[in-house]
Amino acid sequence: MSVHFIGAGPGAPDLITLRGLRLIERCPVCLYAGSLVPAEIVASAPAGARVLDTAPMTLDEIVAEMEAAHKAGLDVARVHSGDPSIYGATAEQMRRLDALGIPYDVTPGVPAFAAAAAALKLELTVPEVCQSVVLTRTAMQSSAMPAGEELATLGKSGATLAIHLSVRNIPHIQRELLPLPGYGPDCPAVVASRVGWPDELFIHGTLSDIHLKARDAKLTRTALILVGRALTATDFIDSKLYDAAHVHVLRPKRKATP
């Protein structure tokens, strides 16, 4: 028996991995984050499976379901949105399972920032514009950000910022980033809401006006904020990857034609 932590992807039912889907199809117990995971995904659980939406449940209640399944010898599909490695509250579940001696594994999923970039037809790392992506969030009612992870600190890098769980905290984002030279009032910003769902929405703006645009759209949850110069970059050099003059082990220097 194992608990299988599965990343369901951002919302589109066909963006779950084959491995994740196959696990759901064979697990007699399925625990899923119902506010973020489409019903179509858990509908693939086997007939008669115990399928529970964990949105209204506490950590103790969720772990109790896993423990009961373990005692009965039943595999559990623990389905989270996006990828379980970020903002999924999986670490605390794994800690409990370790203490109980219950085995588990993890199947990755498509994270929201990657799905948003795909839908926007963007590369978040552009040569000589930005070569880093920072995944972060801001603190409101959730746990506090550790010292040194303030946006004003992370923003010194000039990286593309993928800011999660913060659509109601855009004024704070503006206060932190607007004074920084790498960003500033004209820096491109996009709010990506419910990426991969039928009602997905992308709001384009700048760091100075994105709050008003998001407020006018009445967005309050399930949104990702992208900020950075790479979002609208067009005047940049080609990478060295496919440069004819760039020699590497898979494309060695060609002999001159006699």
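Everything numeric in this text was worked out from a predicted model, so none of it was measured.

(A) Fine view of the layout of surface pockets. Approximately 170 Å³ is the volume attributed to the second largest pocket. Taken together, Leu122, Glu123, Thr125, Val126, Pro127, Gln131, Ala230, Ala233, Phe236, Ile237, Asp238 and Ser239 form the lining of the second largest pocket. A per-class count over the lining of the second largest pocket returns seven nonpolar, three polar and two charged.

(B) Examining the sheet that holds strand S3 (residues 50–53) more closely. With parallel pairing, the five strands of this open sheet are ordered in space as S3-S2-S4-S1-S5. Taken across any chain shown, the strands that pair with only one partner, and hence form the sheet edges, are S3 and strand S5 (104–107). Strand-to-strand twist of the sheet, defined as the mean angle between neighbouring strand axes without regard to direction, takes the value 15°. Lying on the sheet, helix H3 (residues 59–72) is in contact with strand S1 (3–7), strand S2 (29–32), S3 and strand S4 (76–80); it crosses S2 at an angle near 165°. Relative to the sheet, helix H4 (residues 90–100) contacts S1, S4 and S5, its axis offset from that of S1 by approximately 170°.

(C) Region of interest: the domain arrangement of the protein. Splitting the protein by domain gives domain 1 (3–107) and domain 2 (112–227). Relative placement of domain 1 and domain 2: their C-alpha centres are 28 Å apart. Here domain 1 packs against domain 2, burying approximately 840 Å² in sum over the two surfaces, 68% of which is carbon and sulfur. By the criterion of area lost to domain 2, the three top residues of domain 1 are Pro10, Ile86 and Tyr87, representing 58% of everything that side buries. Inspection of the region where domain 1 meets domain 2 yields four residue pairs in polar contact (both at pLDDT 80 or more).

(D) Expanded view of the environment of Ser132. Secondary-structure assignment places Ser132 in the loop between helix H5 (112–120) and strand S6 (133–137). When neighbours within four sequence positions are excluded, Ser132 is seen to be in contact with Thr125, Ala159 and Thr160.

(E) Quick look at the nonpolar core. Of all hydrophobic cores here, the largest spans 22 residues; its most connected members are Leu161, Leu177, Tyr183, Val191 and Val227. Elements with a minimum of two residues in this core: strand S7 (160–164), helix H7 (170–177), strand S8 (188–193), helix H8 (210–216) and strand S10 (223–227). Once residues within four sequence positions are removed from consideration, Val191 is found in contact with Val167, Ile170, Leu201, Phe202, Ile203, Ile210, Ala214, Leu219, Ala223, Leu224 and Ile225. Core analysis: the next-biggest nonpolar cluster, separate from the first, contains 16 residues, Leu23, Val42, Ala45 and Val79 among them.

(F) Layout of helix H1 (residues 18–26). Of the residues making up H1, those classed as buried are Gly20, Leu23 and Ile24. End-on, the buried residues of H1 take up no more than an arc of 100°, which puts them together on one face. Of the exposed residues in H1, those oriented more than 90 degrees away from the buried face are Leu18 and Arg19. For H1, the secondary structure elements touched by its buried residues are S1, helix H2 (39–42), S4 and S5.

(G) Focus on the packing of aromatic side chains. The tally for this structure, following the rule as stated, stands at one aromatic pair. With 5.9 Å between their ring centres and 90° between their planes, Phe5 and Tyr104 make a pair best called edge-to-face. A residue pair is termed long-range when its members are at least 10 positions apart, and Phe5 in strand S1 and Tyr104 in strand S5 qualify at 99 residues. Classification of Phe5 as buried rests on a relative accessible area of 0%.

(H) Representation of the sheet that holds S8 in the model. Spatial strand order, S6-S7-S10-S8-S9: five strands in an open sheet with mixed pairing. Each of the sheet's edge strands pairs with one partner strand only, and the pair in question is S6 and strand S9 (201–206). Neighbouring strand axes in the sheet, compared pairwise and without regard to direction, differ in orientation by 20° on average. With five bridges joining them, S8 and S10 adopt antiparallel strand pairing. Residue pairing for S10: Ala189 is matched across the bridge by Val227. Along the sheet, H5 contacts S6, S7, S8, S9 and S10; its crossing angle with S10, the most-contacted strand, is approximately 70°. Contacting S7, S8 and S10, H7 runs over the sheet at an angle of about 15° to S10.

Cut-off values and rules
Residues numbered from 1 in each chain as written. Predicted model: local features only at pLDDT ≥ 70, side-chain atom pairs only at ≥ 80, totals over all residues. Heavy atoms only, no water. 1 Å grid on protein atoms, 1.4 Å probe; cavity = no way out; pocket = protein on both sides within 12 Å on 5 of 7 lines; lining within 4 Å. Points joined across faces, edges and corners; volume = space filled by probe spheres on them. Nonpolar A, V, L, I, M, F, W, Y, C, P; charged D, E, K, R; others polar. Pairing = 2+ DSSP bridges. Helix = DSSP H or I, 4+ residues; strand = E, 2+ residues; numbered from the N terminus. Axes fitted to C-alpha atoms, helices over the stretch in contact; angles between N-to-C directions. Contact = heavy atoms within 4.5 Å. Domains from an automatic or database assignment. Buried area = accessible area lost by both parts, 1.4 Å probe. Polar contact = N/O pair within 3.5 Å; in protein donor to acceptor, adjacent residues only side chain to side chain. Core = buried A, V, L, I, M, F, W, Y, C linked by side-chain atoms within 4.5 Å. Buried < 20%, exposed > 50% of the residue type's maximum accessible area, 1.4 Å probe, protein only. Arc of directions from axis to C-beta. Phe/Tyr/Trp six-rings, centres within 6.5 Å; stacked < 30°, edge-to-face > 60°.

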